[in-house]
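Residue-level listing of the chains:
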Amino acid sequence: MSEQARALAQAADAARFAPSIHNTQPWRWVVRGDRLELHGVAERQLREQDPDGRMLLLSCGTALHHARVALTAEGWEHEVERPAGDPIAVIRITGRQPAPAEATRHFQMLRVRRTDRRIVTDETVPEETLRHLVTETEQGGAALHLLGADQVLELAAAVDRAQKAEDTDERLRAELATWVGGERPDGTGIPASVLPEEVPLSTVAERDFQTSGTLKAGEGHGRGAAYGVLYGTGDEAADWLRGGEALSRLWLAATEKAVNLLPLSGPVEIPFTRHELRRMLGGIGHPFLALRLGVLDPAESAPPHTPRLDTDQVIEVVA
Ligand SMILES: Cc1cc2nc3c(=O)[nH]c(=O)nc-3n(C[C@H](O)[C@H](O)[C@H](O)COP(=O)(O)O)c2cc1C
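(A) Looking closely at the overall build of the protein. Within the protein, the regular secondary structure consists of ten helices and nine strands. Oriented by its inertia axes, the alpha-carbon framework of the protein measures out at about 55 × 45 × 40 Å. In the protein, buried positions account for 57% of the 319 residues. For the protein, contacts bridging at least 24 residues in sequence account for 75% of all contacts bridging at least 6. Total accessible area computed for the protein in this model is approximately 13,900 Å², and 49% of it derives from carbon and sulfur atoms.

(B) Summary view of the packing of helix H2 (residues 54-73) against helix H3 (residues 101-110). Two elements in contact, H2 and H3, have axes whose closest approach is 8 Å; the angle formed by their N-to-C orientations is 130 degrees. Relative to H3, the element H2 lies oblique. Here H2 runs over H3; the crossing is left-handed. Facing H2, whose interface residues are His66, Val69, Ala70, Thr72 and Ala73, H3 presents Ala103, Thr104, His106, Phe107 and Leu110. Residues that form the contact of H2 with H3 fall into these classes: six nonpolar, four polar and no charged.

(C) Here's a closer look at the site of the ligand. In the vicinity of the ligand there are 21 residues, among which Arg113, Thr115, Arg117, Ser265 and Arg308 approach most closely. Arginine 207 has a polar side-chain atom sitting 3.0 Å from an oxygen atom of the ligand. Contacts to the ligand include arginine 308, whose side-chain N or O atom sits 2.6 Å from an oxygen atom. Coverage of the ligand by the protein chains reaches 99% of its 620 Å² of free accessible surface. The set of elements that each furnish at least two residues to the shell around the ligand consists of H2 and strand E7 (260-264).

(D) Examining the domain arrangement of the protein more closely. As assigned here, the protein comprises domain 1 (3-113 + 311-318) and domain 2 (127-294). When each unit is reduced to the centre of its C-alpha atoms, the spacing between domain 1 and domain 2 is 22 Å. Taken residue by residue, the interface counts 36 residues in domain 1 and 36 residues in domain 2. Contact between domain 1 and domain 2 buries roughly 3,200 Å² in total, counting both sides, with carbon and sulfur atoms accounting for 65%. If you look at where domain 1 meets domain 2, you find five salt bridges. Here arginine 249 makes a salt bridge to glutamate 102, at a shortest N to O gap of 3.7 Å. At the surface where domain 1 touches domain 2, the tally comes to 13 residue pairs in polar contact (both at pLDDT 80 or more). The set of elements that each furnish at least two residues to the side of domain 1 that touches domain 2 consists of H2 and H3.

(E) Just the sheet that holds strand E4 (residues 89-96), in detail. Taken in spatial order, the five strands make up an open sheet running E3-E4-E2-E1-E9, and their pairing is mixed. The open sheet has two edge strands, strand E3 (76-81) and strand E9 (315-318), and neither has a second partner. Across the sheet, the axes of successive neighbouring strands diverge by a mean angle of 25 degrees, strand direction being ignored. Pairing geometry for strand E1 (residues 27-32) and strand E2 (residues 35-40), over six bridges, is antiparallel. Opposite tryptophan 29, over in E2, you have leucine 38 as the bridge partner.

Calculation notes
- Residues numbered from 1 in each chain as written.
- Predicted model: local features only at pLDDT ≥ 70, side-chain atom pairs only at ≥ 80, totals over all residues.
- Heavy atoms only, no water.
- Helix = DSSP H or I, 4+ residues; strand = E, 2+ residues; numbered from the N terminus.
- Buried < 20%, exposed > 50% of the residue type's maximum accessible area, 1.4 Å probe, protein only.
- Contact = heavy atoms within 4.5 Å.
- Areas by Shrake-Rupley, 256 points an atom, 1.4 Å probe, with all protein chains shown as cover.
- Axes fitted to C-alpha atoms, helices over the stretch in contact; angles between N-to-C directions.
- Parallel < 35°, antiparallel > 145°, perpendicular 65-115°, else oblique.
- Left-handed = near helix turned anticlockwise from the far one by under 90°.
- Nonpolar A, V, L, I, M, F, W, Y, C, P; charged D, E, K, R; others polar.
- Near = heavy atom within 4 Å.
- Polar contact = N/O pair within 3.5 Å; in protein donor to acceptor, adjacent residues only side chain to side chain.
- Domains from an automatic or database assignment.
- Buried area = accessible area lost by both parts, 1.4 Å probe.
- Salt bridge = Lys/Arg side-chain N within 4 Å of Asp/Glu carboxyl O.
- Pairing = 2+ DSSP bridges.

Here you go:
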């Protein structure tokens, strides 16, 4: 294998740690010489919950950004094409450069970041940090709208309506049950160990996965939480991919600042609540994801990492 092909395979391997909807990891990488192709995997798309593939492409976007962070941290300059079809994206190495310090820091965060569904404390995220996260999101190719107190209540209502819509849909419930709970020995889905024993009591509810986990979510009502909507200017496949890239950048930056990020995708999945989020954005953009930002109690230990598929299940090297 050439040095470039090895670097691309290593970047794809680092991207295994990217977040994805229900840990479906709906991607497959093909290393072809100096090119790394990102493909979607139809068998790991949530057909009922995500028929348009919005969450699939957001997830693939996080993997694409993870791979790019790994390449940059190893000093590989590269360019990206985003056909957003099949392949979804192609990365091509173009040269060498000294690794920027920021990429090295972000690369370290790939293995630290995780979805932590414990309740956040009453401590608020400093304004300056929130502004930094807004800037990081913009540099990642999307936008982050932080909600004022009134809008937080509107979000809470939208989350509630979306949850009820999902709870009453038999096919959705059946699909969810195949991806969550238990030990997940196949390396996909969400194990009980990272799901709260009960959905914590907070102004904006976390997703109810319809199964109780073993995670102790902690006390309080998470009053320090800030809420936001990740959005972009369009609502097509290419926009969702960019949204995922921006989500990855935002999440790594938040991890570096010890800010907990919890995605709340329910209200984007259901068309009428997605419409409500769009109205909350004043029509300036299309919502990709609602999210919570907060501070966790540093004295409590974090939940384990969610398992991943093996390297040879997601990466293929062709001559
Ligand atoms: C597009 C997207 C939507 C998600 N939506 C939710 C959600 O609504 N609720 C939740 O608890 N986690 C959500 N997650 C987090 C995933 O469940 C998580 O990334 C996955 O289980 C892998 O775990 P990890 O992030 O700890 O590595 C979402 C992640 C992505 C990328």
